[in-house]
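# A look at the structure
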Amino acid sequence: MYHKLQYISQGETIEEQLYNIHEALDAGCDWVQLRFKNQTEKDTFALAEAVKFLCEEYLANFIVNDNLYLAQQIAADGVHLGLSDMKIDEARAILGNTKIIGATANTFEDIENHIKNGCDYIGLGPFRFTTTKEKLSPILGLSGYFKIIQELKRNKLEIPVYAIGGITLNDISPLMETGIHGIAVSGMLTESDQKGKLIQQLNEKLYANVIV
C-alpha cells in the first residue's frame, strides 16, 4: 500500500526545488511529487533528472505533476494528473500498467470516473483555502471529505484518497477519521525549520490507528 504522506515540491528555481526536496527526503519523507510550473522544458528536465536520482538514493517514490511525457522520458515512478490534464485511460495506454497514475478530484463523480479509467490514487481537495494553486476548486472541509468517502463506501468503490490543500498538523486526526488514506502537503513541510520533527509528528497521526 502507498505511503500516507506525500510531499508536493515547491520552489521558483531548480536550486530552491532541489534544496526543498532534499530537505524533505532527509527528514524522512518517502513520496515526492515534483511540481515545477511555467518553466522551460530544459530546466524542468534537468530538475526532474536530479530529483529522480535523489529519490532513488532515498528509496522514495517519485511522481511528476502534470507532465506525462517527462515522467515517461526519465522513467519516474508515475504521474499525477489534474482535472484539466490528459485523461487517465490515455495516460495508462502510454505509461503501461506498472507506473503509478494519480489524479486530482473535487467530487465523488470525479473519483468514480478516475477509478473507471484505471487511476491508482486520488488527490482530493482542497481541504481549505491555499495559495499553492492558482485556480482553486470549491473547498471541501471535513464534512466534504466525510460525505465523499461515505459515498465511495456505499458504492463499494475502493481507492487510496489523499486530502490536500492548506492542511495543518491539528487537521490530520479529524481528517483521518473521515476514512481517507493519507495527506499531501506542500507549504507546511517547505516552510518548517524542523522537518524531521514535523514528519515524525505527521506520521504518528497518520499511522495512529494502523495495526502493524
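Let me begin by describing the structure that accompanies this report. (Residues numbered from 1 in each chain as written. Predicted model: local features only at pLDDT ≥ 70, side-chain atom pairs only at ≥ 80, totals over all residues. Heavy atoms only, no water.)

Turning our attention to the overall build of the protein chain. When helices and strands are tallied, the protein chain shows nine helices and eight strands. Against the globule reference of 17 Å for 212 residues, the protein chain gives a C-alpha radius of gyration of 16 Å, in line with a compact fold. Its C-alpha atoms give the protein chain principal-axis dimensions of about 45 × 40 × 35 Å. Across the 212 residues of the protein chain, 48% fall into the buried class. (Helix = DSSP H or I, 4+ residues; strand = E, 2+ residues; numbered from the N terminus. Rg over C-alpha atoms; globule rule 2.2 N^0.38 Å. Buried < 20%, exposed > 50% of the residue type's maximum accessible area, 1.4 Å probe, protein only.)

Attention shifts here to the layout of surface pockets. Considered as a void within the structure, the second largest pocket measures approximately 380 Å³ in volume. Taken together, 16 residues make up the lining of the second largest pocket; nearest its centre are Ile159, Pro160, Gly179, Ile180 and His181. No other element matches helix 6 (residues 141-154), which puts three residues into the lining of the second largest pocket. The class makeup of the residues in the lining of the second largest pocket is 10 nonpolar, two polar and four charged. (1 Å grid on protein atoms, 1.4 Å probe; cavity = no way out; pocket = protein on both sides within 12 Å on 5 of 7 lines; lining within 4 Å. Points joined across faces, edges and corners; volume = space filled by probe spheres on them. Nonpolar A, V, L, I, M, F, W, Y, C, P; charged D, E, K, R; others polar.)

In this section: unusual backbone geometry. In this model, Gly125 is joined to Pro126 through a cis peptide bond whose omega is 5°. With respect to the helices and strands, the residue Pro126 is situated in the loop between strand 6 (121-124) and helix 6. Despite not being glycine, Leu59 shows a phi value in the positive range, around 55°. Counting through the fold element by element, Leu59 comes out in the loop between helix 2 (41-57) and strand 3 (61-65). Backbone geometry places Lys156, a non-glycine residue, at a positive phi of 55°. Here Lys156 is to be found in the loop between helix 6 and strand 7 (161-164).

With that settled, the discussion passes to helix 9 (residues 195-206). Over its 12 residues, helix 9 extends 16 Å from the first C-alpha to the last, a length consistent with the 16 Å expected when each residue adds 1.5 Å. Burial in helix 9 covers these residues: Lys195, Leu198, Ile199, Leu202 and Leu206. Along the axis of helix 9, the buried residues cluster in a sector spanning 95°; they form a single face. Elements in contact with the buried residues of helix 9: strand 1 (5-8), helix 1 (14-26), helix 7 (172-177), strand 8 (182-185) and helix 8 (187-190). (Expected span 1.5 Å × (residues − 1). Arc of directions from axis to C-beta. Contact = heavy atoms within 4.5 Å.)

This paragraph deals with the packing of helix 1 against helix 2. The N-to-C vectors of helix 1 and helix 2 enclose an angle of 15°; their axes lie 10 Å apart at closest approach. It follows from the interaxial angle that helix 1 and helix 2 lie roughly parallel. Regarding helix 1 and helix 2, the two cross each other, and that crossing is right-handed. When helix 1 is examined against helix 2, the residues Ile14, Gln17, Leu18, Ile21, His22 and Leu25 are found in contact with a partner set consisting of Asp43, Ala46, Leu47, Ala50, Val51, Leu54 and Cys55. (Axes fitted to C-alpha atoms, helices over the stretch in contact; angles between N-to-C directions. Parallel < 35°, antiparallel > 145°, perpendicular 65-115°, else oblique. Left-handed = near helix turned anticlockwise from the far one by under 90°.)

Another point: the sheet that holds strand 4 (residues 78-81). Here we have eight strands rolled up into a closed barrel, ordered 1-2-3-4-5-6-7-8, and parallel in their pairing. Mean inter-strand twist for the sheet, computed between neighbouring axes without regard to direction, equals 25°. With four bridges connecting them, strand 4 and strand 5 (residues 100-105) associate as parallel partners. Counted as the bridge partner of Gly78 is Ile100 from strand 5. Here helix 1 sits on the sheet in contact with strand 1 and strand 2 (31-34), set at roughly 165° to strand 2. (Pairing = 2+ DSSP bridges.)

So, on to the packing of aromatic side chains. The tally for this structure, following the rule as stated, stands at six aromatic pairs. Residues Trp31 and Tyr162 carry aromatic rings whose centres are separated by 6.1 Å and whose planes lie at 40° to one another, so their mutual orientation is tilted. Taken together, the positions of Trp31 in strand 2 and Tyr162 in strand 7 put the pair 131 residues apart, joining distant regions of the chain. Residue class for Trp31 comes out buried when judged on its relative accessible area of 0%. Since its relative accessible area comes to 1%, Tyr162 is described here as buried. Taken together through their ring pairs, the aromatic side chains of Tyr2, Trp31, Tyr121 and Tyr162 make up a single cluster. Just above the ring of Tyr207 sits the side chain of Lys4; from NZ or CZ to the centre is 5.6 Å. (Phe/Tyr/Trp six-rings, centres within 6.5 Å; stacked < 30°, edge-to-face > 60°. Lys NZ or Arg CZ within 6 Å of the ring centre and 35° of its normal.)

Here the focus is the side chain of His181. Within the fold, His181 resides in the loop between helix 7 and strand 8. Using a relative accessible area of 11% as the deciding quantity, one classes His181 as buried.

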